[in-house]
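Overview (structure and organization)
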Amino acid sequence: MIGEVNTWMRSIGLLLLFFLGSVSVLPARDPVIVRAADYGVVADSRQNAAPGLRRALEACRRLPASVLVLPAGRIDVWPEGAARRELYVSNCTENDTSSKIKNIAFLLEDCRNLVIEGNNSLIMLHGKMISFVVLRSRNITIRNIGFDYERPTMSELTIASVGKKSIEAVVHPDSRFSIDSGRLRFYGEGWVLHAFHTILFDPKTEQLRYSSLQPLLEAKARQTGSRRVLFEGNFGQPPYKVGDILTVRDPYRDNCGAFIEQSRNVELYQVGMHYMHGLGIVSQFSEDLRFRKVAVAPRAETGRIIAAFADCFHFSGCRGRILLDSCRSSGSHDDPVNVHGTHLQVTAIRDGRKLTVRFMHHQTYGFPAFFAGDSIAFIDPKTLLTLGGATLQTAVLMNSREMLLELKEPLPAGVSTGHCVENLTWTPEVCIRNCRFERTNTRGVLITTPRKVQIEHNVFSHTGMFPVLIADDASSWFESGAVRDVTIRNNLFDACGYNSNSGAIAIAPENHQRVPGSYVHHNIRITGNRFRTWNAAVLQARSVDRLIFEHNKIRPVSAQVKWTGAAVELDGCAEVSVNGNQLPHQADALIIINQMPENAIHTDWRLANKK
C-alpha cells in the first residue's frame, strides 16, 4: 500500500510539473527531459532568454534527475531577468566597497543529477555576466555548448601604418569605440574603459608581450573610416610595427567566466568559452571535477585574439580528482591553469585551541576556507615548512576577512600569531593530459598541491614565461602549498619563456629563510619531454628534495638562436638526478648549483658552483 501511495504521489508531482512547465516525462528509471524552448527560450531571435532559462532550471531543480535541452542556434542573455547572487570568488574579489552581486546566465543551485545538453548552441552574453554558476550541487554535466560576449570587455586594434608623426589603427568590429575631444574611448554594454592594461600580440612570432596604449592615448585621434583611427603626435621611435595587435582591458577583476563552488562530480564536455570577463572558470572548494574537450579560445570567425581576461582554468581549495583532458587555451592575459590552496594568517590565539585567521590578499576573501573536521597544517611563512598539524572542531566565517577556528587538540608548540594555516583536507589530485596551451604572455600551468599530480602529453606553445611553475608562498599571493608527488612527462615545451628570458620549468617556492636539511617541495619527476628553447635553460629548481630530470630532449628554437647560460640551475636541493638528457653537440651541458654540495646531485653533465 505504501509503495502504491508513493508511486501515485510521484505521478501527480510529475503531472503538475508537466502542466506548469511543459516537462516531457520519461519512464521512472530515466531522467526527465526538460526543453528550454517550452519555457520561452527561442534561438536566433535576439530575444532575452534569461527569464526562460531561470524557469527551466527551476523545473530541473525540483526533479530527482533531468536533462535540460537547449534549442540549437544563438541564444542571447541579458542581465535583466537573469539570476543574481552575491558571490565571493577566489583571486577576483577586489575590495569591500564594490558589489559582489553577479548576473548569471545559468544558475545551478542545490541541483542533483542534471545534464545541460547545449545542442551546440551559442550563448551570447550581454553586459558583465557569468556564463554559469554551480552552487552546492552534485552530479552535474554541461556539454555541447559555447559561451561568448556580444561586446567583450577586451578591446583589440591592429596597427595599419606607423610613422614618427602618425600611427593608424583598425579597431576590431567587436570593440565599440568613439572619439571624444580627440581621445580614443572604448565602451561596452553598461561600462566604459577607464584603465588600459595592454598586451601586444605579434602574429608573425605568435608572441604576447607587455605593452602600453599610452602613446596613442596621448596623441590626437580622429576617425578616418568606419573602424579606422588616425593618431597624430610626436612618436619619435615608433612603439609598434605594422601588423601588431594591441589587446586592451581594465585590470580590475570584478567577475569570472564561470563559477563552481561547494559542488561535487561536475563535468564539462565539449564546452567553448570564447570570452570570459574577469577570472576564467573558477572552481572553489569543490571535488571531483572533469573538464574534457573544453576550449578557451575565440571563435575562429570573429578574428579576435583574446578569450580570457585572466586565468583560464582556476582551482582554489578543491579536493578529490581534477582532470583536464584534451582541453585547449588560446589567447589569455594570464595563466591557462592555476591549482592552489590559500594560506590564511593567524592573527589571534585564545585558550590554546581557538584561533582567528585572516585572508591576506586583497583579491581573495569572503568564503569559508575551512570546515569542521578538516585537517590543517601550521606553516612558517618565512621557511614555508610545517610547524605541526591539527583537526578542526568548528570553523566559522566571522566576517568577509576572518574565520574563527577551534581545534580538537591543543595548539602545537611554537605556533604563534603571524604563522599561517593551510587546509590539507581540501587538496586535490590533478591530471592534465593531451591539452594545448598557447598564446599567453604569462605562465602555462601553476600547481601547488601535496597530492598526486600528472602533467603529460601536453603542448605548451609560446607561453611568455615558465611553461610550468611550482611555487608556494605565504607572503604575496598566499597561495599554498608544498608538492609531494609530481610527474611531468612526454610534453612538448615549444618556444616558451620569451618574456622571462627562460623557457624552463621553474620550481620556485617563496621561502625567504632556509633551514638546513629541510626542503619545501619533494618528489618531482621530469622525464621524456621535448624542449625547443630560446636559450639553454630548461630547469630552475629551489628547495626540492628528490628531483629527477632524465631522458629529455633539448633543442634551440632555430639554428640562428645562440644559446647562453646553464641548462639547469639548482638552489638548495637534495637527491637530484640529471641523466640521459639530449643536448645539441654545440651546447654546454652545464648545471649551476648554489648552497648545496656536489654530492647532492648525480649527473652526467658538468657542474659549476654559482659565483
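Our structure is the block above this text.
Please read these numbers as outputs of a predicted model, since none were measured by experiment.

Calculation criteria
Residues numbered from 1 in each chain as written. Predicted model: local features only at pLDDT ≥ 70, side-chain atom pairs only at ≥ 80, totals over all residues. Heavy atoms only, no water. Pairing = 2+ DSSP bridges. Helix = DSSP H or I, 4+ residues; strand = E, 2+ residues; numbered from the N terminus. Axes fitted to C-alpha atoms, helices over the stretch in contact; angles between N-to-C directions. Salt bridge = Lys/Arg side-chain N within 4 Å of Asp/Glu carboxyl O. Buried < 20%, exposed > 50% of the residue type's maximum accessible area, 1.4 Å probe, protein only. Contact = heavy atoms within 4.5 Å. Core = buried A, V, L, I, M, F, W, Y, C linked by side-chain atoms within 4.5 Å.

1. Brief notes about the pairing of strand β25 (residues 319-325)
Direction of pairing for strand β22 (residues 287-292) relative to β25: parallel, over a ladder of five bridges. Note on β25: the bridge partner recorded for Arg 292 is Asp 325.

2. With respect to the sheet that holds strand β30 (residues 375-379)
Read once around its circumference, the closed barrel built from six strands follows the order β28-β29-β32-β31-β30-β33, with strand pairing classed as antiparallel. Strand after strand, the sheet turns through a mean of 45° between neighbouring axes, direction not considered. Where strand β31 (residues 386-397) and strand β32 (residues 402-407) come together, five bridges link them in antiparallel fashion. Along β32, the bridge assignment pairs Ala 395 with Leu 405.

3. Brief notes about the pattern of salt bridges
The full count for this structure, using the stated rule, is 36 salt bridges. Of the charged contacts in the structure, one is a salt bridge between Glu 301 and Arg 299, with a shortest N-O distance of 3.2 Å. Classification of Arg 299 by relative accessible area gives buried; the value is 18%. Taking the shortest distance from any N to any O, the salt bridge between Glu 438 and Arg 436 comes out at 2.7 Å. A single salt-bridge network, built from bridges that share partners, covers Asp 148, Asp 174, Arg 299, Glu 301 and Arg 304.

4. Section: unusual backbone geometry
Look at the link from Ser 480 to Gly 481: it is a cis peptide, with omega at 5°. On the secondary structure map, Gly 481 appears in the loop between β40 (479-480) and β41 (486-489). Non-glycine residue Asp 351 carries a positive phi angle of around 60°. Assignment of secondary structure puts Asp 351 in the loop between β28 (344-350) and β29 (354-358). Phi is positive for Asn 434, close to 60°, though the residue is something other than glycine. For Asn 434, the location among the structural elements is in the loop between β34 (428-433) and β35 (436-440). Since its relative accessible area comes to 38%, Asn 434 is described here as partly exposed.

5. With respect to the environment of Lys 382
Secondary-structure assignment places Lys 382 in the loop between β30 and β31. In sequence terms Lys 382 and Ser 475 are 93 residues apart; their C-alpha atoms lie 8.2 Å from each other. Here Lys 382 is in contact with Asn 511, His 512 and Gln 513, once residues within four sequence places are set aside.

6. Topic: the sheet that holds strand β15 (residues 207-210)
Taken in spatial order, the seven strands make up an open sheet running β15-β14-β18-β10-β11-β17-β16, and their pairing is antiparallel. On the outer flanks of this sheet lie β15 and β16 (220-223), each paired with one strand and no other. Sheet twist, expressed as the mean angle between neighbouring strand axes with direction ignored, is 30°.

7. Side note on the nonpolar core
Nonpolar side chains in soluble globular proteins tend to be buried together. If you look at the biggest cluster of nonpolar residues, it comprises 124 residues, and the most contacted ones within it are Phe 106, Phe 291, Phe 313 and Leu 570. Among the elements that line this core, the one with the most residues is helix α2 (residues 50-61), at six residues. Apart from residues lying up to four places away in sequence, Phe 313 is in contact with Ile 281, Phe 291, Val 294, Val 296, Leu 324, Cys 327, Pro 336, Val 337 and Asn 338. Formed by 22 residues, the second largest nonpolar core is a distinct cluster that contains Phe 177, Trp 191, Leu 216 and Phe 231.

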